[in-house]
Amino acid sequence: ARKNKNFDFILFLGIIPLMFVLKDLEFTIGGYNLFWKLSFLSILFSLSVLLILNKKYNLLNEKKFDNLMSFTICFFFLIPALGIFLNTYFTNGVVYKQSYFIKQKAINESAKGSKTYIIYIKTKYDDEERLEITKDLYKSDYQNVELTLKKGLIGYYYVNQIEGH
């Protein structure tokens, strides 16, 4: 007979790593595109894991819905976090420089009063790709930025440096 097993705790395994790579997501050109592709992949992976585990453990007990949701949430966040990490820290080593027109500048103010300076540029993934910049670059008269990019393991470019141009 298969053992009854509850996997409620596993959802935290996915949420915690995502918190560490959210900043890297913001500096990935097409980062949201990458996130959603990996999230879709995670659902397929989650279903595969559930089918395999169901052969050994009875996941269809009274906590069936909790087990299903825990695995799905775990992998929904864990796989994109892992993908973003791999794309950011494992690159082909080649540095690219590319110039972009600044479509718009904005300031985001937090409830605590701190300010984040933002520009929006057009990329192949998004008409308004958002990048966080320094206050000095925000206040400058530059109409273009030059991005220093590295191509990550998954094929998305990661922004290493932003300069006015």
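So, a few notes on the structure that sits alongside this text. (Residues numbered from 1 in each chain as written. Predicted model: local features only at pLDDT ≥ 70, side-chain atom pairs only at ≥ 80, totals over all residues. Heavy atoms only, no water.)

Quick notes on the overall build of the protein chain
Part 1 of the reasoning: If you tally the helices and strands in the protein chain, you get 4 helices and 7 strands.
Part 2 of the reasoning: Along the protein chain, helices (α) and strands (β) appear in the sequence β-α-α-β-α-β-β-β-α-β-β when read from the amino end.
Part 3 of the reasoning: For 165 residues, the compact-globule formula gives about 15 Å, and the C-alpha radius of gyration of the protein chain, at 20 Å, lies well above that figure.
Part 4 of the reasoning: Along the three orthogonal principal directions, the C-alpha set of the protein chain runs to about 70 × 40 × 25 Å.
Part 5 of the reasoning: Taking all contacts inside the protein chain whose residues are at least 6 apart in sequence as the whole, residues at least 24 apart take part in 64%.
Part 6 of the reasoning: Approximately 10200 Å² of the protein chain is accessible, and the part contributed by carbon and sulfur atoms is 60%. (Helix = DSSP H or I, 4+ residues; strand = E, 2+ residues; numbered from the N terminus. Rg over C-alpha atoms; globule rule 2.2 N^0.38 Å. Contact = heavy atoms within 4.5 Å. Areas by Shrake-Rupley, 256 points an atom, 1.4 Å probe, with all protein chains shown as cover.)

Focus: the packing of helix α2 (residues 31-56) against helix α3 (residues 64-89)
The angle between the axes and the distance between the axes are what describe a pair of packed helices.
Part 1 of the reasoning: Where α2 contacts α3, the axes come no closer than 8 Å and their chain directions differ by 135°. Regarding the angle of α2 to α3, the classification is oblique. Where α2 crosses over α3, the two elements pack in a sense that is right-handed. Every residue of α3 that contacts α2 at Leu34, Phe35, Trp36, Leu38, Ser39, Leu41, Ser42, Phe45, Ser46, Val49, Leu50 and Leu53 is listed here: Leu68, Phe71, Thr72, Phe75, Phe76, Ile79, Pro80, Gly83, Ile84 and Asn87.
Part 2 of the reasoning: For the contact of α2 with α3, the residue count by class is 16 nonpolar, 6 polar and no charged. (Axes fitted to C-alpha atoms, helices over the stretch in contact; angles between N-to-C directions. Parallel < 35°, antiparallel > 145°, perpendicular 65-115°, else oblique. Left-handed = near helix turned anticlockwise from the far one by under 90°. Nonpolar A, V, L, I, M, F, W, Y, C, P; charged D, E, K, R; others polar.)

Observations concerning α3
Part 1 of the reasoning: Counted at 1.5 Å a residue, the expected span for α3 with its 26 residues is 38 Å, and the 37 Å between its end C-alpha atoms agrees.
Part 2 of the reasoning: Considered for burial, the residues of α3 that qualify are Asn67, Ser70, Phe71, Cys74, Phe75, Ile79, Pro80, Ala81, Gly83, Ile84, Asn87 and Thr88.
Part 3 of the reasoning: The inward-facing, buried residues of α3 abut α1 (11-26), α2, β3 (91-109), β6 (144-152) and β7 (157-164). (Expected span 1.5 Å × (residues − 1). Buried < 20%, exposed > 50% of the residue type's maximum accessible area, 1.4 Å probe, protein only.)

A look at the environment of glutamate 128
Part 1 of the reasoning: Tracing the sequence through the fold places glutamate 128 in the loop between β4 (115-121) and β5 (129-133).
Part 2 of the reasoning: Judged by relative accessible area, which is 40%, glutamate 128 ranks as partly exposed.

Here's the deal with the environment of tyrosine 120
Part 1 of the reasoning: The residue tyrosine 120 is located in strand β4 in this model.
Part 2 of the reasoning: Take tyrosine 120: its relative accessible area is 16%, and that puts it in the buried class.
Part 3 of the reasoning: For the pair tyrosine 120 and isoleucine 102, spaced 18 residues apart in the sequence, the C-alpha separation amounts to 6.0 Å.
Part 4 of the reasoning: Sequence-distant contacts of tyrosine 120, that is, excluding residues within four places in its chain, are made with Phe101, Ile102, Lys103, Gln104, Ala106, Glu128, Glu129 and Arg130.

Here we look at the pairing of β7
Part 1 of the reasoning: By the bridge criterion, 7 bridges tie β6 to β7 in an arrangement that is antiparallel. Residue pairing for β7: glutamate 146 is matched across the bridge by glutamate 163. (Pairing = 2+ DSSP bridges.)

Considerations on the sheet that holds β4
Part 1 of the reasoning: Spatially, 5 strands are ordered β5-β4-β3-β6-β7 in an open sheet, and the strand pairing comes out antiparallel. Whereas interior strands pair on both sides, the edge strands pair on one side only; in this sheet they are β5 and β7. Geometrically, the sheet is characterised by an average inter-axis angle of 45° between neighbouring strands, direction not taken into account.

What about the pattern of salt bridges?
Part 1 of the reasoning: Summed over the entire model, instances satisfying the criterion amount to 3 salt bridges.
Part 2 of the reasoning: A salt bridge links lysine 23 to glutamate 132, with the nearest nitrogen and oxygen atoms 2.8 Å apart. Note that lysine 23 is positioned in helix α1 and glutamate 132 in strand β5, a separation of 109 residues in sequence.
Part 3 of the reasoning: When its relative accessible area of 28% is taken as the criterion, glutamate 132 is described as partly exposed. (Salt bridge = Lys/Arg side-chain N within 4 Å of Asp/Glu carboxyl O.)

With respect to the packing of α1 against α2
Part 1 of the reasoning: Packing of α1 against α2 leaves a shortest axis separation of 9 Å and a crossing angle of 140°. Comparing their axes, α2 and α1 come out oblique. On α2, the residues touching Leu18, Leu25 and Glu26 of α1 are Gly31, Tyr32 and Phe35.
Part 2 of the reasoning: Residue classes in the contact of α1 with α2 are distributed as 4 nonpolar, 1 polar and 1 charged.

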